[in-house]
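# Overview (structure and organization)
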Amino acid sequence: MQEVSRETRRALKAKFGDPAQDLPSPQESSYLGWRDGVLVNRPDTETSIAAAEAAALAAQAAAVSINLKRVPDKAGLAALNPDVTKLAFEPDDTGWDLKEQDFSAAAGFDVNQHMVYPATGKLITQAAWYRRQKGDRPSLRDAFKAKGDNVADDMAALQDAIYWMEFYPLRSRVLTVDPGLFRADYLEIPNEITGIQLVGNHWNSNIVCGDPGTAPTLAEPVPVSIPAILNKSQEFKMDGVALISSVANSTNWTNRKNGLVNMKDPGLSTTADIDCIINECRIAGFYRGIYNKGRSIVVRGGHFASCDYAIELDWPDYFGVGDPLNEYLPGTNQLTDDLGNRGVIIEDVRIHSPNGGAVLNARKNAHKLRNLRMSNITLDIGRRLFYGHLGRGSKIHDCVSDMSPLEVLALTGGEDFIISDIIGKGSGKAGVYTPQNLVHFLPGAAAESGYPDADGRVSDPYNSGTGLGTTGRFRNGLITDCEFAYSEQHAIRDTSSQMDDVTFANIKFRDVGFSAPASYRCFSFGSQNSDIRVINSEFMGTDTLNGVVGNNFGNNRIKVSGPEKSIGNNTPWIAGSPIILIGKRQTYQPVIVTGAGTVPDPYVVTGTNIATSPLPTVSVLDWAYEDDDWIVLGGRFTAAVISAASDGEIDLALPVPSTFTQPYQAYGSFICSTAGQNIAGSVTASGSRLKLRWKAPNTSNYSFSFSARYRKL
């Protein structure tokens with residue numbers, strides 16, 4: 001009551017500070033009203049006239065000064081007088097400002113009039129209605145009226161939103177992709193707009209592509225399917241957005257329908273210059289999830305599912321000619337910039353069920369890749385972690401490919417590279433997802449015919465060529481701290497052209513080569529003129545393989561040190577052509593011949609003062625490399641001299657050939673092992689053999705134990 005009384009008294013004042021007035025007594029056909037600051041009874045007719053006068057004055061004032069209007073929709077702006085009204089609102093409070101400036105460029109981008117609407121009676125170069133933005137990150141729903149309901153076609157709204165980023169300052173072009181399913185079959189990030197960033201709510205914000213593309217034919221030898229997103233700009237960023245296909249992934253693989261294609265079309269004879277960041281995104285169901293045709297790309301976090309390859313790298317040919325629809329496809333002339341394709345980082349990514357693998361780099365200029373970094377990649381029901389050329393300075397580490405039916409790594413060349421901490425496995429002995437080889441170093445000639453089709457073993461008829469991208473040569477590389485399990489054949493297979501200064505260290509194998517153990521190895525080296533080191537490998541399994549390390553050509557120099565295998569496993573340490581095996585006992589059996597002999601080594605020549613009846617005998621001798629060029633050997637032999645109290649000499653063949661020029665290049669000693677005899681002798685170098693010399697007291701047949709060392713010359 002106190003509040004009501006206070007407000008009543010306040011209402012009876014003509015103006016602030018005046019005393020309250022008494023209310024006049026009511027009169028028939030009158031209304032209480034003000035006249036000259038006093039409350040009086042006013043006749044109906046007077047009130048009606050006053051109301052009409054007030055309405056007329058209000059209409060006149062509106063024509064002069066009232067600049068705010070409500071319109072039923074965007075099209076209602078056309079009914080407004082832009083010389084009078086400067087601000088209008090739609091029913092959902094979307095605001096439109098009348099701005100007097102040249103909007104011709106903006107209207108060219110915004111063909112669907114999401115952001116710019118023509119003002120009646122004004123040229124587009126003079127003024128236009130401009131949609132007010134909500135905050136610094138306009139959203140697809142609020143600012144551009146996209147539905148995101150997985151029913152409406154939002155392609156026009158999304159494209160307009162992308163174009164509108166032109167009118168934001170550089171480093172401020174951030175577009176919010178709201179939670180939802182925004183259907184858009186094709187989006188383009190134009191060359192003219194640098195630094196666009198699409199920001200979503202992780203996998204809740206989805207761009208859905210329903211276009212299946214078009215299958216290529218031999219009559220049309222290049223793919224004609226356009227990607228879901230074609231980026232022609234520098235510094236494009238996509239953060240927390242899912243790009244998915246609603247088409248069957250097998251159809252997209254056949255039609256070569258890509259997800260995101262990164263390229264910049266700067267014109268003929270100009271370097272393609274893309275810098276792109278894809279962070280915590282999901283890309284699913286495409287031929288290539290990302291096809292990066294240009295400089296640096298960073299892919300962090302996120303998930304790729306059911307793509308043929310998650311990411312393909314391609315340092316491109318020149319652009320500027322050909323069908324604009326296919327301008328992101330290979331051209332005809334190779335770029336010559338050897339430092340262009342650099343700064344590729346792929347890390348913390350999960351890849352599910354790829355058809356071919358995770359990362360592919362096998363186009364014409366693949367060898368020009370520089371400083372690739374791949375880490376913490378997980379392939380479940382995986383395939384290849386990497387297929388193609390490593391370029392120069394690449395590092396792949398801390399990755400897993402489990403249940404892989406194809407090679408975990410299929411490599412076609414590389415220089416100054418490191419591969420470490422890789423776990424690669426098939427699904428078990430004779431498992432459905434078990435490969436022939438776990439790592440394959442490929443020859444250049446085979447790979448240059450193109451990148452692989454789905455089975456990874458057939459050249460691609462649509463991308464054939466004889467470029468330099470797959471050289472088949474490896475130089476200064478390190479493969480270390482890896483674990484490989486379950487392969488039908490060789491675990492690591494080398495059929496490359498050459499391995500120059502390549503080291504394998506701390507590699508662990510389990511149950512490999514099981515389909516035909518006697519034919520397969522943990523390491524099988526088939527390149528030529530190679531320099532390879534294998535350090536501290538470990539083979540765990542029950543199968544007896546052909547060898548832990550095998551060499552197919554005698555012109556290779558392969559050094560093996562510190563190998564281990566399961567207790568009781570009889571797999572030979574080495575197999576094939578000669579290998580330097582450090583610290584592991586090996587054996588050889590010399591053959592006894594008389595005179596100079598005509599059979600190949602190893603054999604023993606009965607030398608000076610040696611009886612031929614009985615012939616000398618030599619046991620199976622033990623030998624080992626102590627270092628690259630230093631060999632130790634020993635064992636037992638028996639011999640008798642012809643003349644007593646004179647020197648006996650035997651020339652002993654070497655386990656590893658050497659050509660001595662000085663006697664001191666080999667040394668050793670031996671003693672008589674026949675009971676009661678005190679006879680000693682020496683070992684020296686002699687031509688291509690060891691000379692064993694002693695002074696015999698009589699012509700009896702004695703047994704000797706000897707040890708010797710020599711340098712491989």
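Computed from a prediction, not measured in an experiment: that's the story for all the values here. Along each chain, the written sequence defines residue order, and numbers are assigned to residues from 1. This being a predicted model, a pLDDT of at least 70 is required before a residue's local features are given, and a value of 80 or more before pairs of side-chain atoms are given or counted; all residues contribute to the totals for chains, interfaces and linings. Derived side-chain values reflect all non-hydrogen atoms in the structure, with water molecules and hydrogen atoms excluded from consideration.

Our focus in this paragraph is the layout of surface pockets. A 1.4 Å probe that fits but cannot get out identifies a cavity on a 1 Å grid over protein atoms alone, an open set with protein on both sides within 12 Å along at least five of seven lines counts as a pocket, and a residue lines either if it has an atom within 4 Å of a point. Grid points are joined across faces, edges and corners, and a volume is the space filled by probe spheres set on the points. One number sums up the size of the largest pocket: a volume of about 420 Å³. Taken together, 20 residues line the largest pocket, and the ones lying closest to its centre are S577, P578, I579, Y625 and V656. Elements supplying a minimum of two residues to the lining of the largest pocket: β38 (557–561), β40 (574–576), β42 (586–588) and β46 (621–627). Note on residue classes: Ala, Val, Leu, Ile, Met, Phe, Trp, Tyr, Cys and Pro are nonpolar, Asp, Glu, Lys and Arg are charged, and everything else, Gly too, is polar. Here the residues of the lining of the largest pocket sort into 12 nonpolar, six polar and two charged. To qualify as a helix, a DSSP run of H or I must reach at least 4 residues; to qualify as a strand, a run of E must reach at least 2; elements of each kind are numbered from the N terminus.

This part is about the environment of S515. Residue placement: S515 occurs in the loop between β33 (498–512) and β34 (521–525). Measuring from C-alpha to C-alpha, the distance between S515 and D543 comes to 9.9 Å, with 28 residues separating the pair along the chain. Whenever two N or O atoms come within 3.5 Å, that pair is a polar contact, provided that in protein one can donate a hydrogen and the other can accept it, and provided that, for residues adjacent in sequence, both atoms are side-chain atoms. A polar side-chain atom of S515 sits 2.6 Å from the main-chain carbonyl oxygen of E488.

Our next topic: the confidence of the model for the chain. The pLDDT value tells you how sure the predictor is about a given residue, anywhere from 0 up to 100. Mean pLDDT over the chain works out to 81, with 78% of the residues at or above the 70 mark. Note on contacts: a residue pair qualifies if any of its non-hydrogen atoms lie within 4.5 Å across the two residues. Ignoring residues within four places in sequence, the model shows residues 59–65, a span with pLDDT below 50, making three contacts including any to other chains. Confidence over residues 265–271 falls short of pLDDT 50; this stretch has 18 contacts with residues more than four positions distant or in other chains.

One open sheet holds the five strands; their spatial order is β3-β4-β5-β7-β6, and the pairing between them is mixed. Of all the strands in the sheet, just β3 (68–70) and β6 (116–118) have a single pairing partner and so form its edges. Taken over all neighbouring pairs, the strand axes of this sheet differ in orientation by 25° on average, direction set aside. Sheet analysis places strand β4 (residues 87–89) next to strand β5 (residues 95–99), joined by three bridges and oriented antiparallel. Bridge pairing in β5 links A88 to W96. Paired strands are those between which DSSP finds at least two bridges. Helix axes are fitted only over the stretch in contact, all axes being lines through C-alpha atoms; the angle between N-to-C directions runs from 0 to 180 degrees.

Our next topic: the pattern of salt bridges. For this analysis, a salt bridge means a side-chain nitrogen from Lys or Arg found within 4 Å of a carboxyl oxygen belonging to Asp or Glu. Summed over all chains, the structure comprises 27 salt bridges. Taking the shortest distance from any N to any O, the salt bridge between R171 and E235 comes out at 2.8 Å. One end of the pair, R171, is in the loop between α4 (155–164) and β9 (174–177); the other, E235, is in the loop between β14 (229–231) and β15 (236–239), with 64 residues separating them in the sequence. Three exposure classes are used, based on accessible area relative to the maximum for each residue type with a 1.4 Å probe and protein chains only: buried under 20%, partly exposed in between, and exposed over 50%. We classify R171 as exposed; its relative accessible area is 58%.

With omega at 5°, the peptide bond leading from S613 into P614 counts as cis. With respect to the helices and strands, P614 occurs in the loop between β44 (603–606) and β45 (617–618). Positive phi is not limited to glycine here, since D501 has a value of about 65°. Residue class for D501 comes out partly exposed when judged on its relative accessible area of 31%.

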